[in-house]
Amino acid sequence: MSNILKTRKKGNLIVISGPSGAGKGTIIKSLLSSVEGVWLSISMTSREMRKGDIPDVSYYFVSKEEFEDRIEKGIFLEYATYNGNYYGTPKDKIVEKLNAGFDVILEIEIQGALKVKELIPDAIFIFIMPPSMRELRKRLVNRGTDSADKILSRFRRAYQEINEVTKYNYVVINDEVEHAVSKVQAILLSERCRVDRIEEVYLNNEEEEIHELLVDKELNNEERVI
Ligand code: 5GP
């Protein structure tokens, strides 16, 4: 806790989007282990589990009916359909984590990101861009987790998503993963230093007295030198 400033304790809400295959997952994983005070929201989805998915870690996997039941109950901050499946952000833990001072990351596609922008305009929106269409296609194919038609559908959607980049605050091109991670780290750390996070400046009490004292001391020293 600083003696000079009281800053908002509440963390920032960070929305990260980008086409499937842009490398969002890898970047976020690296961010979680390198920047303190960051928490990744776990989404709920009705899509089938893929190779490498861990239930309740990658997603909360539910059936389509269960998802629709949760929509009715109003548990989502936002939800969207993507490739014929539902994906949604449960809101309960997000508020809790933000209030506890964590920066909360939502890794969501663009329709969801735009809904969040309407609800929480001061959230921070970061778009992860692949270096080229060829490279994106290569990454989708090499991932080896989807059928050929799913890959094609993800690739088609990538084009539409890239066109929406100007709706975000930041864009990071993921050509080299370490460079992309450094850039996202820099964004998170800079956002924590924004002056609009200041609630109060304490220059009227103890700090002012200390300041006076230090000025006096300096003057006395100067006199002595002279
Ligand atoms: P995947 O099937 O590859 O895990 O995810 C497909 C897309 O859904 C990705 O672009 C991912 O960012 C997005 N997504 C994951 N969780 C959510 C969510 O809770 N809400 C929305 N709107 N999109 C999500």
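This report concerns the structure included in the present document. (Residues numbered from 1 in each chain as written. Predicted model: local features only at pLDDT ≥ 70, side-chain atom pairs only at ≥ 80, totals over all residues. Heavy atoms only, no water.)

Comments concerning the side chain of S20
Relative to the helices and strands, S20 is located in the loop between β2 (13-17) and α1 (24-34). At 3.3 Å, the side chain of S20 and the side chain of R143 are in polar contact. At 2.6 Å, the side chain of S20 forms a polar contact with the side chain of R154. When neighbours within four sequence positions are excluded, S20 is seen to be in contact with Y82, L136, L140, R143, R154 and E161. (Helix = DSSP H or I, 4+ residues; strand = E, 2+ residues; numbered from the N terminus. Polar contact = N/O pair within 3.5 Å; in protein donor to acceptor, adjacent residues only side chain to side chain. Contact = heavy atoms within 4.5 Å.)

Some points on a nonpolar patch on the surface
On the surface, I4, V195, I198, V201 and L203 cluster together to form a nonpolar patch covering roughly 430 Å² of accessible area. Looking at where V201 falls in the secondary structure, it is placed in strand β11 (residues 198-201). By relative accessible area, V201 is classed as partly exposed at 46%. (Patch = residues over 30% accessible without salt bridge, like charges linked within 9 Å, V, L, I, M, F, W, Y side chains within 5 Å. Areas by Shrake-Rupley, 256 points an atom, 1.4 Å probe, with all protein chains shown as cover. Salt bridge = Lys/Arg side-chain N within 4 Å of Asp/Glu carboxyl O. Buried < 20%, exposed > 50% of the residue type's maximum accessible area, 1.4 Å probe, protein only.)

Comments concerning the pairing of strand β6 (residues 76-82)
Extensive coverage of β6 is indicated by the burial of 5 of its 7 residues. Both β6 and strand β7 (residues 85-90) contribute to a ladder of 6 bridges, which runs antiparallel. Among the inter-strand pairings, T81 is bridged to a residue of β7, identified as Y86. Taken together, β6 and the strand that follows it, β7, pair antiparallel across an intervening segment of 2 residues, in which N83 is found at a positive phi of about 50°. (Pairing = 2+ DSSP bridges.)

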